[in-house]
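A closer look at the structure
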Amino acid sequence: MKSSASASYYRATATPYAAYAPLQGNAHARVAVIGGGFAGLNTALGLAERGMRDVVLLEREQVGFGASGRNGGFVFAGYSLGERSLLEQLGEARARALFKLTTEAVGRIRQRVADHSIACDMVDEGVIWANWFRDPAVLRQRQQLLADHYGVHWQWLPETELRARIRSERYHDGLYERDALHLHPLNYAIGVAAAAAAQGVRIHEHSGVRSLVREGLQWRLRTAHGELLADQVVLACGGYLAGLRKPIDRAILPIATYVMVTEPLGARLDDCLHTRAAIYDSRFAFDYYRALPDTRLLWGGRISVLNRSPRGVQRLLTKDLLRVFPQLEGVRVDHAWSGLMSYARHQMPQIGGDGQGLWWAQAFGGHGLAPTCAAGELLAAAIAEGDDRWQQFAGYGLGNTHRPFGYLAAQASYWWQQGRDCLKTRLEG
């Protein structure tokens, strides 16, 4: 296999835009949002849509620099914590309400792409959950759980129909989630930023916040070249820690995931896929992938405490790719990269406030696009309108992840689950 892996495909194909100038001098804001990823951008746009002015967003690098501009681009409902665990922990009414926030967010993302003419290669063709194992019970159980308790209906795909869409003998049956989509996440982030800026949000890139201090009834934020006084502050940095509040930073584990993109496949893509849906499989350590508009295949997977080099990512993911599509032997990989997701011990987003004007939104755990949109709406409504619906997440607080020992526990858990998947695969033959 030729080795020409370079930086992110998303960055290489990003929509050109005029860079947002760094913060300079002294300024004031009613709300300062720290972090230019999906959580921060959705909060800022939600505030602007509610008529709030003097909103400033500060990003240490560029809009969408972190996980928001590096992920698989899947937009579907749910959280890192599975639907069954959510139901067991909260009961049907509360679990269904939280799940509904994400189904509504999928629709909101779809609508924002249309309303703001965001060029992000959105493909509104659903997502397939393909069964790695022969036993269909896990699919049937999830299908029934979603229908009975969440009012969500996924279509059953028998093996023959699944293999007509996905040309691999690796899978056995599947579920099709029609109300899902996929897109170019970095271009979506750039588009949301443009929409927020058009409604008055002041965005500053290359403006990492070096200190955050409470002064009377306000917060003072310092960057390399400026200071900002704000009435309220939203911390939305995800796995790329701000280092401004220890209890908030300590509450997450930044965990890496890996993505690569092949060369354009042309007619070879038809040998693999006859669907425009995005795909992931039923293992704990699952693969996820989708066809891109230029006939490339985007492939992602693995969870690790190691943020590997592009060459290391390419080597690992190519092995995974060829297990599913051996017909792609010899394909060139043009882009490979990694990104840091934020995970909480309870596997749910941490959305909250301290009662003194400091808010946070983090720990989206690899299910970021819809939940970050929901989080932005909740925080925007809380700040602009005094809405208290964000308190639905109060039970999922800022529990300490005890780094670095938390990394060891997370990696050991992943290896354990990965081992169980491997054993089951072998036993099935």
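Since we're looking at a predicted model, the values are computed, not measured. (Residues numbered from 1 in each chain as written. Predicted model: local features only at pLDDT ≥ 70, side-chain atom pairs only at ≥ 80, totals over all residues. Heavy atoms only, no water.)

1. Some thoughts on the side chain of Ser68
Inspection of the secondary structure puts Ser68 in the loop between strand 3 (55-58) and strand 4 (74-75). With relative accessibility at 13%, the residue Ser68 sits in the buried group. When near neighbours in sequence (up to four residues on either side) are disregarded, Ser68 contacts Gly37, Phe38, Pro185 and Leu186. (Helix = DSSP H or I, 4+ residues; strand = E, 2+ residues; numbered from the N terminus. Buried < 20%, exposed > 50% of the residue type's maximum accessible area, 1.4 Å probe, protein only. Contact = heavy atoms within 4.5 Å.)

2. Digging into the pattern of salt bridges
Evaluated as defined, the whole model comprises 26 salt bridges. Between Glu377 and Arg108 there is a salt bridge, with the nearest N and O atoms lying 3.7 Å from each other. With Glu377 in helix 10 (residues 369-385) and Arg108 in helix 4 (residues 92-115), the pair connects residues that are 269 residues apart, well separated along the chain. What makes Arg108 partly exposed here is its relative accessible area of 26%. A salt bridge links Glu377 to Arg112, with the shortest nitrogen-to-oxygen separation between them at 3.1 Å. Residue Glu377 is found in helix 10, and its partner Arg112 is found in helix 4; the two are separated by 265 residues along the sequence. Residue classification places Arg112 among the buried residues on the basis of a relative accessible area of 4%. Among the ionic contacts, a cluster of salt bridges with common partners joins Glu49, Arg50, Arg108, Arg112, Glu377 and Glu385. (Salt bridge = Lys/Arg side-chain N within 4 Å of Asp/Glu carboxyl O.)

3. Remarks on the environment of Tyr176
With respect to the helices and strands, Tyr176 occurs in strand 7 (residues 174-177). Residues Tyr176 and Ser117, 59 residues apart in the sequence, show an inter-C-alpha distance of 27 Å. The contacts of Tyr176, once residues within four sequence positions are left out, are Glu125, Gly126, Val127, Ile128, Trp154, Gln155, Leu157, Arg165 and Ala277. At 2.7 Å, the side chain of Tyr176 forms a polar contact with the backbone oxygen of Glu125. (Polar contact = N/O pair within 3.5 Å; in protein donor to acceptor, adjacent residues only side chain to side chain.)

4. Considerations on the pairing of strand 3
Alternating residues of strand 3 divide into Val55 and Leu57 and Val56 and Leu58, and every residue in both groups is buried. Of the strand pairs in this sheet, strand 2 (residues 25-34) and strand 3 are connected by 4 bridges, and their pairing is parallel. Considered in strand 3, the bridge of Val31 is made with Val55. Viewed along the sheet, the connection from strand 2 through helix 2 (residues 38-49) into strand 3 turns out right-handed. (Pairing = 2+ DSSP bridges. Right-handed = clockwise from strand over helix to strand, strands pointing away.)

5. Focus on the nonpolar core
Membership of the largest hydrophobic core comes to 86 residues, with the highest contact counts inside it found for Leu86, Leu98 and Tyr188. In this view, Leu86 contacts Tyr79, Leu81, Gly91, Ala95, Leu98, Tyr150, Met348 and Tyr396; residues no more than four positions away in its chain are not counted. Residues Ala130, Met260, Leu273 and Leu328 belong to the second largest nonpolar core, which totals 34 residues. (Core = buried A, V, L, I, M, F, W, Y, C linked by side-chain atoms within 4.5 Å.)

6. A look at the packing of helix 2 against helix 7 (residues 185-198)
Across the interface, helix 2 lies against helix 7 with an axial gap of 9 Å and an inter-helix angle of 25°. Taken together, helix 2 and helix 7 sit at an angle that is classed as roughly parallel. For the pair helix 2 and helix 7, the sense of crossing is left-handed. On helix 7, the residues that touch Phe38, Leu41, Asn42 and Leu45 of helix 2 are Pro185, Tyr188, Ala189, Val192, Ala193, Ala195 and Ala196. Residue classes in the contact of helix 2 with helix 7 are distributed as 10 nonpolar, 1 polar and no charged. (Axes fitted to C-alpha atoms, helices over the stretch in contact; angles between N-to-C directions. Parallel < 35°, antiparallel > 145°, perpendicular 65-115°, else oblique. Left-handed = near helix turned anticlockwise from the far one by under 90°. Nonpolar A, V, L, I, M, F, W, Y, C, P; charged D, E, K, R; others polar.)

7. Some thoughts on the state of the cysteines
Evaluated as defined, the whole model comprises 0 disulfides. Not part of a disulfide, Cys237 finds its nearest cysteine sulfur in Cys373, a span of 19 Å. (Disulfide = S-S within 2.5 Å.)

8. Regarding the packing of aromatic side chains
Each aromatic ring pair is described using two quantities: the centre-to-centre distance and the angle formed by the ring planes. Tallied over the entire structure, the rule returns 18 aromatic pairs. Between Phe74 and Tyr288 the ring centres are 5.9 Å apart and the planes differ by 85°, which places this aromatic pair in the edge-to-face class. Taken together, the residues Phe74 in strand 4 and Tyr288 in strand 15 (residues 287-291) connect sequence positions 214 residues apart. In this structure Phe74 comes out as buried when scored by relative accessible area, which is 11%. Among the residues examined, Tyr288 registers a relative accessible area of 11% and is labelled buried. On the basis of an interplanar angle of 70° and a centroid distance of 6.1 Å, the ring pair of Tyr79 and Phe393 is categorised as edge-to-face. Residue Tyr79 is located in the loop between strand 4 and helix 3 (83-90), and its partner Phe393 is located in the loop between helix 10 and helix 11 (405-428); the two are separated by 314 residues in the primary sequence. Residue Tyr79 is classed as buried on the basis of its relative accessible area of 7%. Overall, the relative accessible area of 3% leaves Phe393 in the buried class. One aromatic cluster in this structure is built from Phe74, Phe76, Trp129, Tyr280, Phe286 and Tyr288. Over the ring of Trp129 we find Arg142, and its NZ or CZ is 4.5 Å from the ring centre. (Phe/Tyr/Trp six-rings, centres within 6.5 Å; stacked < 30°, edge-to-face > 60°. Lys NZ or Arg CZ within 6 Å of the ring centre and 35° of its normal.)

9. Brief notes about a positive patch on the surface
Where like charges cluster on the molecular surface, the positive patch consists of Arg308, Arg311, Arg315, Lys319 and Arg323. When you line up the elements, Arg308 lands in the loop between strand 16 (297-304) and helix 9 (310-324). (Patch = residues over 30% accessible without salt bridge, like charges linked within 9 Å, V, L, I, M, F, W, Y side chains within 5 Å. Areas by Shrake-Rupley, 256 points an atom, 1.4 Å probe, with all protein chains shown as cover. Lys, Arg positive; Asp, Glu negative; His and termini not counted. Charge placed at Lys NZ, Arg CZ, Asp CG, Glu CD.)

10. Points about the environment of Arg420
Looking at the element boundaries, Arg420 is found in helix 11. Of the residues examined, Arg420 reaches a relative accessible area of 48% and is grouped as partly exposed. For Arg420 and Arg283, which are 137 residues apart along the polypeptide, the C-alpha to C-alpha distance reads 9.3 Å.

11. Quick look at helix 2
In a regular helix each residue adds 1.5 Å, so 12 residues correspond to 16 Å; helix 2 covers 16 Å between its end C-alpha atoms and thus fits that length. Burial analysis of helix 2 places 11 of its 12 residues in the buried class, the great majority of the element. Those residues of helix 2 that fall on the buried side of the exposure criterion are Phe38, Ala39, Gly40, Leu41, Asn42, Thr43, Ala44, Leu45, Gly46, Leu47 and Ala48. Just past helix 2, the residue Gly51 takes up positive phi, approximately 85°. (Expected span 1.5 Å × (residues − 1).)

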